[in-house]
Amino acid sequence: MSAVLADCPQPSPAIAVVLLGTGVVGGALLKLLDTPAAAALRLVGAANSRRQQTDPRRLAQRNLREQLRGEGGPRDDAALFAALDASGAPVRVIVDATASAVLAARHATWLAQGYHVVTANKALAGGELAGWRALQAALAHGACYGDAATVGAGLPVLSTLRRLRGCGDSLLTLEGVFSGSLSYLFNQYDGSRPFSALLAEARALGYTEPDPRSDLSGEDVARKLLILARHAGFALGSEEVEVESLVPPALRELDTAAFLDRLSELDAPLAERHAQAASRGNVLRFLARLDQRGRARVGLVEVSPTHPSARLYGTDNQFALTTTRYNTQPLVIQGPGAGPEVTAQALLGDALALARGS
């Protein structure tokens, strides 16, 4: 078992935080850090991909995210972590609110150095198996890894799975809708409007990544499935997950602007899949599945209107866990799985758990 936050000893409530990533999720977290709920946390550094700020007066300003777009020193992680070390706080936390694989690859090193890491970044735990093993080895040094935001945007999925395993239960199968953006799209898609129009709306609402191919490729769902499978004891490599992409080959290598100009090319293939499903009285859902033998797949599936995933709303995620003890009927965890506010709240919750020792 990994050294999750629930396993950590009671620390002092004085917690120094460095925030890496001030995009949509990081920006939402900055707003939460300015509320009474975050009184135990002290922001000592913040950075986007190019600039950073460690001046306490600037960090306290409400327009910090906007300010970093044009002001602040050049990005220098050594200086950021020096600010953490100089804070005098007994608990030092690095919050990674990015999707950067480069940063994720450093999580294990940071943990081994004694920093706690709280993250929404799935690239390490849901990437190559060697990275997952390095993460587990680093946790042996005693630091904590807050990962609630990596799966389900803070829904109690990983914590539930860890507690079940801690009680001697074992996961047998797992099925569900793990993407809030894809949930929203296929909950709305009934053939009456082009899929591309729904996708443009979802992007405007902030439900997709700026480049929607990150969602449509299925790779994000695959990373979440890998994280869950690995926590359940399945030592799966990333190449062992069968992934169906919804992005036609001709659109995969374009830059983001060119792809967005050609969104309509998504419409015909999905309209055909929808018509085929409707002719059999079914609907389409983008599902992740893991069976008892460790076989894993993510992709578009026809399900009946009575299937649990056919009754989702909005950006709902759904995780159905069948275990040795929950075997007659699966344990289902369901709720909103997309949006910067709920994801930022998951990050804040993991950081606050260090203060509570819970």
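Note on numbering: residues in each chain are counted from 1, in written sequence order. It should be noted that, the model being predicted, local features are given only for residues of pLDDT at least 70 and side-chain atom pairs only at 80 or more, the latter also being counted only at that level, while totals for whole chains, interfaces and linings use all residues. Based on all heavy atoms of the structure, the side-chain values leave hydrogens and waters out of the count.

**Considering the environment of Val 151**
Here Val 151 lies in the loop between β7 (145-146) and α8 (158-166). Contacts are assigned to residue pairs with any non-hydrogen atoms lying within 4.5 Å of each other. Ignoring any residue separated from it by four or fewer positions in sequence, one finds Val 151 in contact with Val 157, Leu 158, Lys 224, Ile 227, Leu 228 and Phe 319. Each helix is a run of H or I in the DSSP string that is no shorter than four residues. Each strand is a run of E no shorter than two, and both are numbered from the N terminus.

**What to know about the side chain of Asn 121**
Relative to the helices and strands, Asn 121 resides in the loop between β6 (116-119) and α7 (129-139). Overall, the relative accessible area of 1% leaves Asn 121 in the buried class. Two N or O atoms count as a polar contact when they lie within 3.5 Å, although within protein this holds only if one can serve as hydrogen donor and the other as acceptor, and sequence-adjacent residues are included solely when both atoms are side-chain atoms. A distance of 3.0 Å separates a polar atom in the side chain of Asn 121 from the backbone nitrogen of Ala 123. Once you skip the residues sitting within four places of it in the chain, Asn 121 turns out to touch Asp 96, Thr 98, Ala 99, Ser 100, Ala 104, His 107, Tyr 145 and Thr 150. For every residue, the accessible area (1.4 Å probe, protein chains only) is compared with the maximum for its type, and the residue is labelled buried under 20%, exposed over 50%, or partly exposed between those bounds.

**Notes on α8**
Buried within α8 we find Leu 158, Leu 161, Arg 162 and Leu 164. The arc that holds every buried residue of α8, seen down its axis, measures 160°, which confines them to one face. Along α8, the residues that are exposed and aim more than 90 degrees away from the buried face are Arg 163 and Gly 166. In this structure, the buried side of α8 is in contact with β8 (171-177), α12 (219-231), β12 (316-323) and β13 (331-336). Gly 168 occupies a position one or two residues after α8 and carries a positive phi of about 90°. Along the arc lie the directions from the helix axis toward the C-beta atoms.

**What to know about the side chain of His 116**
Within the secondary structure layout, His 116 lies in strand β6. Within the structure, the side chain of His 116 is placed 2.9 Å from the backbone nitrogen of Cys 144, a separation counted as a polar contact. Once residues within four sequence positions are removed from consideration, His 116 is found in contact with Val 91, Arg 92, Val 93, Ile 94, Leu 111, Ala 143, Cys 144 and Leu 354.

**Regarding helix α14 (residues 267-279)**
One less than the residue count of a helix, multiplied by 1.5 Å, gives the span that helix is expected to have. The first and last C-alpha atoms of α14 sit 18 Å apart over 13 residues, in line with the 18 Å expected at 1.5 Å per residue. Of all the positions in α14, only Asp 267, Leu 270, His 274 and Ala 277 are classed as buried. All buried residues of α14 fall inside an arc of 100° around its axis, so they share one side. Exposed residues pointing more than 90 degrees away from the buried face of α14 are listed as Ala 268, Glu 272 and Ser 279. Residues of α14 that are buried in the fold lie against α9 (180-188), α10 (195-204), β10 (283-290) and β11 (296-303). Gly 281 sits one or two residues past α14 and shows a positive phi near 75°.

**Some thoughts on the sheet that holds β12**
Paired through their backbone hydrogen bonds, the strands of a sheet run either parallel or antiparallel. Across the sheet, which stays open at both edges, the six strands sit in the order β9-β11-β10-β8-β12-β13 with mixed pairing between neighbours. The two strands at the open ends of the sheet, each matched to only one other strand, are β9 (241-243) and β13. Sheet twist, expressed as the mean angle between neighbouring strand axes with direction ignored, is 25°. A strand pair is defined by DSSP finding two or more bridges across the two strands. For β12 and β13, the ladder comprises six bridges, and the chain directions are antiparallel. Note on β13: the bridge partner recorded for Leu 321 is Leu 331. Contacts from α9 reach β8, β10, β11 and β12 within the one sheet, and its direction differs from that of β10 by about 150°. To obtain each axis, a line is fitted to C-alpha atoms, and for helices this fit is confined to the stretch in contact; angles are then taken between N-to-C directions over 0 to 180 degrees.

**Looking at the pairing of β10**
Consecutive side chains of a regular strand alternate in pointing toward one face of the sheet and then the other. Within β10, six of the eight residues are buried, which leaves it mostly tucked inside the rest of the structure. Pairing geometry for β8 and β10, over three bridges, is antiparallel. Opposite Leu 174, over in β10, you have Leu 290 as the bridge partner. Judged from the eight bridges that link them, β10 and β11 form a sheet pairing that is antiparallel.

**Considering the sheet that holds strand β5 (residues 91-96)**
If you walk across this open sheet you meet the seven strands as β4-β3-β2-β1-β5-β6-β7, and the pairing is mixed. A single partner strand is all that each edge strand has here, and the edge strands are β4 (73-74) and β7. Summarising the sheet, β5 and β6 pair through four bridges and their orientation is parallel. The partner of Asp 96 across the bridge, within β6, is Thr 119. Strands β1 (15-20), β2 (41-47), β3 (51-53) and β5 of the sheet are contacted by helix α4 (residues 77-86), whose axis makes an angle of about 165° with β1.

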